[in-house]
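Okay, here's what each chain looks like letter by letter:
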Amino acid sequence: MSLHNRGVRQDVRELGALLGDVLKEQTSSDAFETVEALRKTAIAYRDDEIDSREELRDTIDQLSPGEEGEVARAFTTYFELINLAEERERVRAVRTGSQEGTLDDSFDRTVETLTEADVDAESVEGILEDVLIEPTFTAHPTEARRRTIKAKLRSIADHLQTLDEHNLTDQEAEDVWEDINAEVTSLWQTRQVRQRQPEPQDEARNIQWYLENTLFDVVGEVYSEFEEAVTEEYPDVDIPKLFEFRSWAGSDRDGNPFVTVDVTDETLATQRDIVLDRYKTRLKRLSAVLSQDGDRYATTGAFTSSLEADIERFPSVSEEAKERYPEEPYRQKFGLMRERLDRVGDVRPGGYEDSEELLADLETVDASLRAYGGVDIADTFIQPLIRQVDTFGFSLASLDLRDHRIQHTKALDEALANEGIDYRGLDEDERVELLTDAILQDEPLLDMESPGELSEESQKVIDRFLALGDWQTEYGMEAIDTYCISMAEEPSHALEVLFLADQVDVVSLPEHVGIDIVPLLETEYALNGADRIMGTLFENEAYKQALEIRGNTQEILLGYSDSNKENGFMAANWDLYNNQRRLAEITDNYGVTMRMFHGRGGSISRGGGPMNRALLALPNETVTGQVKFTEQGEVIAEKYGTPRIAERNLEQMLDAQIRARHNAIEEPIEDVPDEWCDAMNTMADAAREAYRDLLETDGFVSYFEQATPITVIENLNLGSRPASRSEERSVEDLRAIPWVFSWTQSRCILPGWYSIAAGIDAYLDDGGDLDTLAEMYEEWPFFRTTFDRATIALARTDLEIADEYAALADSDLREEFQPRLEAEYEQTVEYMLEITGRSSLLRREWFEDSLERRNPYVDPLNLLQTHLLSQTHLTEAEERTLRLTVNGIAAGMKNTG
């Protein structure tokens, strides 16, 4: 029996035809013919049926401003629809593989790996106790689509699912297509580009949507499937908590002046309301299911005591419950549990103090059902809710606070100056001593309520720490218990946060510490100084006490994005690998458990790519079981927008982390041959030098500005934070996202491959050989994963299109830089094919099919964008079209920054 009625080619063909009909209806036949001419000409050139893109350029040059807008909208909408078709194909592949038992990285494969290695039940339980996976959703602005557009696309996707998975009559299918037609028409009529800059609350609501509408439901299913797979081979193994979701949306203050105390407070309140509403809905559903007759089915003494406590707590409400549900004890209990949820955070007494109390009630119900013939009911209805409460608590997703270390230092400098202390004039050792003594003493050094005259920015820092204690009191410590420090480079940068938390009693040594302090090591100086930074902290009396209270676990955030922008792809990846190993050695020497926090982006150059492969490629020394990583921008929609795909992503993550933890236990220190490390050292050093030479060559910043749409991207209303950390134009000051976004738009994705060939050249000149690199690719997960990610960036690069953008630059700049980029690209491609032993860059056929399907449709958008960028003056309509081409190319490339 076939699981599906359709295929990706049919979806693409029929959606494309429908869009054509909408285009004719909403604009004109002439507009449709223009789009068709561009499409066919682009395909003809890609198929070598014509020799140049001159006809394509001529057509675009002759378009009126109104026609330009229609063309941009048509191709952008096409990609939005085609992305849905490919998403549906991913779902088909997952469902078919699940049915046939052929899925890689499945839970069955997880258990098979453990049994083949003769891992006993006790060891399996130990591995699972170690594992905790914490996807952390960020507000980084790499999602080019408006929320309104995403909602319409989700509706169309649901209709495609109906057509694909349901047996419909002809009339029913026709009705579904009528709905799709209406949605596509509405999509066409809806503004694609944001008119205003999103506020942090918008970004928080975006994250909350995925948590509430996808992940909340999926988590219970993932646990059920995993438990079923494990208990077949290990029936006595208990499954602990394995997932926890966190967020920076509404709490990440780094470089974002719009994330205020009020914004964070609103985010916390909204998230609690969302998750409590979901629990109340589930309990109402349980009331309909658990209608057991109390005269026929007994309950445990613990359940009876729990119900009696609720009756005593709410006498009037309990009378109503008894009248409505006489002799139906479970229904009475659920009604009273809903009442307790209603009173969480309320002035009325009786609400749950925390999620642990709700969990205790659910576990009491679960045990009672199991004791009296309700095992199946407990497994089907109670256990998923228990997993949800265990995962989401009363906070939906715990918030991480984050700010740049400069802000803390500045706030302390100003506040301490009001106390007669010259903090700015102290050297690093003196700062560490002052902060340590102040934390350890009983009396506060600062009056945080009245710190004296401060700058506006410094007052915001003080206000945030004052609010932190209130937030933990109101929402629970687990709702907001982590503080990340961007650009941390000295031990004092961590101690400053500990000191400020101490001054507001969020920290009170030696009894209480309410936050994990997480340094973000991202600069070369910080990474090379990891021994100095972390060693000083682990030996510091105040920090050591704080760490012990927090379970002797140190979370360390590694920045992939800025490291790559600073050093280039190859050098950054090797530095990150080595620094992870060194950090593992440091924490191990001090008896501290390390929780690595990977600050990954969506693009290849910013650490993107399949998370399961990334987890398996980490150095064994770093795999303690706990792992945290950022999920950003369009990646969130791609991974968590559809329940079946979200479930599959969680399955792959868990499979990878369990296998990685098992590998780390079996081989605590990864055995990497010295020859391989020497090769990487040679390649990385040379690659860094070549990359820095490019960036530091006179005129490069100007070339970047002229040969990419960076100025357009900076003015797009993508996110609430500025594109640069200051008003200056420099690569160092530019945030990593617009840096990568700009190169991706111009189809010259140099952040993902530039200087790799230079590194390999140096290795070969030093006596190395390609056979050794091929062996490294075959046998070393880190090397293979790194090179596979680079090949994706290479495959997405199109030098002919990049030349169109290069033509926008001054001739002297173009002649200086474009040949360098092209030569490096071509040599890198040649090396990659030799090392991987493949005839094409990509490993997966579906990826090649996708690129071939997309490229002819992205080309007209690129040429239209370069045409508009070449104009000295644009009308308001042309400005809108230019911004729309950015959305369209992002949709076509399925990647922004």
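Rules of the game
- Residues numbered from 1 in each chain as written.
- Predicted model: local features only at pLDDT ≥ 70, side-chain atom pairs only at ≥ 80, totals over all residues.
- Heavy atoms only, no water.
- Helix = DSSP H or I, 4+ residues; strand = E, 2+ residues; numbered from the N terminus.
- Buried < 20%, exposed > 50% of the residue type's maximum accessible area, 1.4 Å probe, protein only.
- Contact = heavy atoms within 4.5 Å.
- Axes fitted to C-alpha atoms, helices over the stretch in contact; angles between N-to-C directions.
- Parallel < 35°, antiparallel > 145°, perpendicular 65-115°, else oblique.
- Left-handed = near helix turned anticlockwise from the far one by under 90°.
- Nonpolar A, V, L, I, M, F, W, Y, C, P; charged D, E, K, R; others polar.
- pLDDT = per-residue confidence, 0-100.
- Phe/Tyr/Trp six-rings, centres within 6.5 Å; stacked < 30°, edge-to-face > 60°.
- Lys NZ or Arg CZ within 6 Å of the ring centre and 35° of its normal.
- Pairing = 2+ DSSP bridges.
- Patch = residues over 30% accessible without salt bridge, like charges linked within 9 Å, V, L, I, M, F, W, Y side chains within 5 Å.
- Areas by Shrake-Rupley, 256 points an atom, 1.4 Å probe, with all protein chains shown as cover.
- Salt bridge = Lys/Arg side-chain N within 4 Å of Asp/Glu carboxyl O.
- Lys, Arg positive; Asp, Glu negative; His and termini not counted.
- Charge placed at Lys NZ, Arg CZ, Asp CG, Glu CD.
- Core = buried A, V, L, I, M, F, W, Y, C linked by side-chain atoms within 4.5 Å.
- Expected span 1.5 Å × (residues − 1).

K.L.:
So what's going on with the environment of Y234? Which residues, and what values?
P.N.:
Examined against the element boundaries, Y234 turns out to sit in the loop between helix 9 (200-233) and strand 2 (246-247). With relative accessibility at 7%, the residue Y234 sits in the buried group. Along the chain, Y234 and S850 lie 616 residues apart, while their C-alpha atoms are 41 Å from each other. Among residues more than four places away in sequence, those in contact with Y234 are V111, L114, T115, V119, D120, A121 and V124.

K.L.:
Summarise the packing of helix 19 (residues 491-503) against helix 22 (residues 541-549); cite the residues concerned and give the values.
P.N.:
At their nearest, the axes of helix 19 and helix 22 sit 11 Å apart, and the two run at 65° to each other. What the angle tells us is that helix 19 and helix 22 run roughly perpendicular. Judged by the sense of rotation from one axis to the other, the crossing of helix 19 with helix 22 is left-handed. Of helix 22, the residues touching helix 19 (which contributes A494, L495 and L498) are A542, Y543 and A546. The residue inventory of the contact of helix 19 with helix 22, partitioned by class, reads 6 nonpolar, no polar and no charged.

K.L.:
Could you give an account of the confidence of the model for the chain, with specific residues and numbers?
P.N.:
Model confidence for the chain is summarised by a mean pLDDT of 90, while 93% of its residues fall at 70 or above. Looking at the elements of the chain, mean pLDDT is at its lowest for helix 23 (residues 560-567), recorded as 76, and at its highest for helix 19, recorded as 98. Every residue in residues 719-726 scores below 50 in pLDDT, and together they form 37 contacts with partners more than four places removed in sequence or on other chains.

K.L.:
Explain the side chain of Q632 residue by residue, including any values.
P.N.:
Topologically, Q632 is positioned in the loop between strand 10 (626-631) and helix 26 (633-640). According to the relative accessible area criterion, Q632 is buried, its value standing at 3%.

K.L.:
Pulling in residues and values, what's your account of helix 21 (residues 530-539)?
P.N.:
Residues of helix 21 that are buried: A530, I533, M534, G535, L537 and F538. Where helix 21 is buried, its residues meet helix 19, strand 7 (516-521), helix 20 (524-528), helix 22, strand 8 (553-559) and helix 24 (569-589).

K.L.:
So what's going on with the packing of aromatic side chains? Residues and values would help.
P.N.:
Throughout the structure, instances matching the rule amount to 35 aromatic pairs. Centre to centre, the rings of Y577 and F782 are 4.4 Å apart; their planes meet at 35°, and the pair counts as tilted. In this pair, Y577 sits in helix 24 while F782 sits in helix 34 (residues 781-796), placing the two residues 205 residues apart along the sequence. For F782, a relative accessible area of 7% corresponds to the buried category. One residue, K24, lies across the ring of F32, its end atom 4.5 Å from the ring centre. A cation over a ring is seen here: R431 above Y423, with NZ or CZ 4.5 Å from the ring centre.

K.L.:
Describe the sheet that holds strand 8, with residues and values.
P.N.:
One key point about sheets: their strands pair by backbone hydrogen bonds, in either a parallel or an antiparallel sense. Reading around the circumference, 1-2-3-4-7-8-9-10 is the order of the 8 strands in this closed barrel, with parallel pairing throughout. Pairing of strand 1 (residues 132-137) with strand 10 involves 6 bridges; the strand directions are parallel. Across the sheet, T136 pairs through a bridge with T630, a residue of strand 10. Strands strand 3 (398-404) and strand 4 (480-486) of the sheet are contacted by helix 16 (residues 405-417), whose axis makes an angle of about 70° with strand 3. Set on the sheet, helix 19 makes contact with strand 4 and strand 7; between it and strand 4 the angle comes to about 145°.

K.L.:
Residues and numbers for a negative patch on the surface, please.
P.N.:
Residues E667, D671, D674, E675, D678, D769, D771, E775, E778 and E779 make up a contiguous surface patch of negative charge. For the negative patch, the secondary structure elements donating two or more residues are helix 28 (674-696) and helix 33 (770-779). Take the negative patch: its biggest share by element is 4 residues, from helix 33. Within the secondary structure layout, E675 lies in helix 28. A relative accessible area of 47% places E675 in the partly exposed class.

K.L.:
Residues and numbers for the pattern of salt bridges, please.
P.N.:
All told, the structure shown has 75 salt bridges when counted by the stated rule. Between D575 and R688 there is a salt bridge, with its nearest N and O atoms 2.3 Å apart. Linking D575 in helix 24 with R688 in helix 28, this pair joins segments that are 113 residues apart in sequence. With relative accessibility at 14%, the residue D575 sits in the buried group. Classification of R688 by relative accessible area gives buried; the value is 13%. Here the salt bridges share partners, and the residues they tie into one network are E134, K241, E244, R246, D400, D481, D516, R550, E555, R595 and K628.

K.L.:
Account for the nonpolar core, with residues named and values stated.
P.N.:
Counting residues in hydrophobic clusters, the biggest one holds 114 residues, and the most contacted among them are M683, W753, W780 and F783. With sequence-adjacent residues up to four places away left out, W753 is seen in contact with F569, C748, A793, L794, T797, L821, E824, Y825 and T828. If you look at the next biggest cluster of nonpolar residues, it comprises 81 residues, including F137, V219, V222 and V317.

K.L.:
Explain helix 2 (residues 29-46) to me, using residue names and the numbers behind them.
P.N.:
Each turn of an α-helix holds 3.6 residues, which means side chains three or four residues apart point in the same direction. With 18 residues, helix 2 should cover 26 Å at 1.5 Å per step; its first-to-last C-alpha distance of 26 Å lies within 8% of that length. Every buried residue of helix 2 is accounted for by A31, F32, T34, V35, E36, L38, T41, A42, A44 and Y45. Positive phi shows up at D48, right after helix 2, with a value of about 65°.

K.L.:
Now, about the pairing of strand 7: what can you tell me, with residues and values included?
P.N.:
Regular strands show a simple pattern: their side chains alternate between the two faces of the sheet. When you tally the buried positions in strand 7, you get 6 out of 6 residues, the bulk of the element. Burial of the side chains of strand 7 extends over both faces: D516, V518 and L520 are buried on one face and I517, P519 and L521 on the other. Sheet topology places strand 4 next to strand 7; 4 bridges connect them, and they run parallel. Across the sheet, residue Y483 finds its bridge partner in strand 7, namely I517. One ladder, built from 2 bridges, connects strand 7 with strand 8; its direction is parallel. Bridge pairing in strand 8 links L521 to L558.

K.L.:
Hey, could you go over the side chain of D403 for me, with residue numbers and the actual values?
P.N.:
Along the chain, the position of D403 falls in strand 3. Since its relative accessible area comes to 1%, D403 is described here as buried. Aside from chain neighbours lying at most four places away, what touches D403 is R253, D254, H408, V461, R464, Y483, C484, I485 and S486.

K.L.:
Just give me the short version of the pairing of strand 8, but keep the residues and values in it.
P.N.:
Along strand 8, 7 of the 7 residues are buried, which leaves the element largely enclosed by surrounding structure. The side-chain alternation of strand 8 yields two buried faces, one formed by T553, E555, L557 and G559 and the other by Q554, I556 and L558. Pairing geometry for strand 8 and strand 9 (residues 593-599), over 7 bridges, is parallel. Looking at the pairing, L558 lines up with H598 of strand 9.

K.L.:
For the packing of helix 24 against helix 34, give the residues involved together with the corresponding values.
P.N.:
Contact pair helix 24 / helix 34: the axes reach a minimum separation of 11 Å and the direction vectors enclose 150°. Classed by the angle they form, the pair helix 24 and helix 34 counts as roughly antiparallel. Regarding helix 24 and helix 34, the two cross each other, and that crossing is right-handed. Every residue of helix 34 that contacts helix 24 at F569, M570, N573, W574 and Y577 is listed here: F782, T786, F787, R789 and A790.

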